[in-house]
Amino acid sequence: MIPHHGISTAERIRVTPSAARIETVYEQVISRNPGEHEFHQAVREVFDSLPKVLSRHPEYVDASILERLCEPERQIIFRIPWTADDGTVHISRGFRVQYNSALGPYKGGLRFHPDVLLGTVKFLGFEQVFKNALTGLPIGGGKGGSDFDPKGRSDAEIMRFCQSFMTEAYRHLGDRVDVPAGDIGVGRREIGYLFGQYKRISNRYESGVLTGKGITWGGSLVRTEATGYGTVYFTEHMLATRGRSFDGATVLVSGSGNVAIYAIEKVHELGGVVVGASDSSGSVYDPEGIDLALLREVKEIQRGRIADYAQQRPRAEFLPERRVWAVAERHDIDVALPCATQNELNDDDAATLVRAGVAAVAEGANMPTTPEAIRVLRQAGVLFGPGKAANAGGVATSALEMQQNATRDSWSFEYTEQRLAEIMENIHARCAATAEEYGIDGDYVAGANIAGFTQVADAMIAQGVI
Ligand code: GLU
């Protein structure tokens, strides 16, 4: 069923042909991409925002934009052989989905995680296309990664794996072709090894081929912080529409990786208190507020588990195998920021958050909230910032890194952070204005989907049937 947000019966009749076309294309997506549930989910969410757009813009239907957007421009799958420290040979699978280049070179991260399948990369690539459009910067969308599990691997193993990944991937990349960055399991260390191998094979110091590089060799200040900071900025703008702020707010953040850590940092800077964080083994409830220095020490230096953090905090409690939303069963919560992974916040979690008084939820991760959970939150009047908009600060700052590389320049922290803050403000304003234009005020999901979609669709039409 496609919800027709706030429109009259007469209008609904007019949009029917568009709705029917959407259903036909969606059925094709399912049958052409069997078993790729996350990809189906991501497509469904965007399609649900489009009936009225297609009835206003029949040119999108005529140019088969929906069909073209559901088929990535190129999908590369490759073998990654690598040798472990004990001499055993392992074979991982590598992916790069070059999804859409209407607005610029393919741009998007690499994820190294054992759950990565083609469908995972495809859903992330699909989301990335619209997210990148929302940044207002000239970047197309792509995503990649591997089912390699970095957990417990030595530094030397990580290096050999990254080198093997790049030995195949390099031929598909370039600063005007496709520019990967990090995602889950890929941080500055991995980007360093990947860049080294690219440079060695290509014999070019092509800084702009990867983003998230080290500060001393082409990286941008603020890139590390950008996704978490950006998510908090976006949430701040949402809260402001209701006369609220982070000052004095109680916040839950899921995850404890790069996005979560810098979201926590910014929330604390703005006067909020984050009382819970998590990893795949469980959650920590820390009523005094997360000690960020300790969390960083445990996660970034020791590469340990969240339980190790809890052990070193006398008043903190470790909740084994529980997601962080469980903390809302015993604590009032103003804001929730899912910053871990896809589908980590379901309808039961959403109901728990609503009972705890949550005013805003914003996605630092990609698609962490299930469609049913989004429905629960929206029905309860909770502000909801979708990842495409709320977590776009990371890739936006990657585009700023590309700008600095292209001009062989490097900007100060203050200037770069100011650019990031402006970009997030613009994304918020654009989503809000688009939602208003379509008569669905405050619906950031539809606002983000429609604003991203129309920009990409217009560029695709201008560039012809390719
Ligand atoms: N992986 C991040 C994302 O989901 C960043 C991508 C990038 O910087 O290219 O947007």
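Novice: Would you explain the sheet that holds strand E3 (residues 106–112) in this entry?
Specialist: Within a sheet, adjacent strands bond to each other through the backbone by hydrogen bonds, running parallel or antiparallel. Here we have five strands laid out as an open sheet, ordered E1-E2-E4-E3-E5, and mixed in their pairing. Every other strand in the sheet has two partners, leaving strand E1 (74–83) and strand E5 (178–181) as the edge strands with one partner each. Adjacent strand axes in the sheet meet at a mean angle of 20 degrees, parallel and antiparallel pairs treated alike. Sheet analysis places E1 next to strand E2 (residues 89–100), joined by ten bridges and oriented antiparallel. Across the sheet, Pro-81 pairs through a bridge with Ile-91, a residue of E2.

Novice: I tried to follow the sheet that holds strand E12 (residues 383–385) on my own but got confused; where do I start?
Specialist: Ordered in space as E9-E8-E7-E6-E10-E11-E12, the seven strands form an open sheet in which the pairing is mixed. Of all the strands in the sheet, the pair left with one neighbour each is strand E9 (317–320) and E12. Mean inter-strand twist for the sheet, computed between neighbouring axes without regard to direction, equals 15 degrees. Note that strand E8 (residues 282–285) and E9 share four bridges and pair antiparallel. Across the sheet, Val-284 pairs through a bridge with Phe-318, a residue of E9. Where helix H10 (residues 258–269) meets the sheet, its contacts fall on strand E6 (250–254), strand E7 (273–279) and strand E10 (335–338), and the angle it forms with E7 comes to roughly 175 degrees.

Novice: Hey, could you run me through helix H9 (residues 223–240) in this one?
Specialist: What sets the pattern is the α-helix's 3.6 residues per turn: residues three or four places apart point alike. With 18 residues, H9 extends 25 Å between its outermost C-alpha atoms, agreeing within 8% with the 26 Å of an ideal straight helix rising 1.5 Å per residue. The largest bend along H9 measures about 30 degrees and falls at Tyr-229. Counting buried residues along H9, 14 of its 18 residues qualify, which places the element largely inside the surrounding structure.

The rules behind these values
- Residues numbered from 1 in each chain as written.
- Predicted model: local features only at pLDDT ≥ 70, side-chain atom pairs only at ≥ 80, totals over all residues.
- Heavy atoms only, no water.
- Pairing = 2+ DSSP bridges.
- Helix = DSSP H or I, 4+ residues; strand = E, 2+ residues; numbered from the N terminus.
- Axes fitted to C-alpha atoms, helices over the stretch in contact; angles between N-to-C directions.
- Contact = heavy atoms within 4.5 Å.
- Expected span 1.5 Å × (residues − 1).
- Bend = angle between axes of the 7 residues up to and from the residue.
- Buried < 20%, exposed > 50% of the residue type's maximum accessible area, 1.4 Å probe, protein only.

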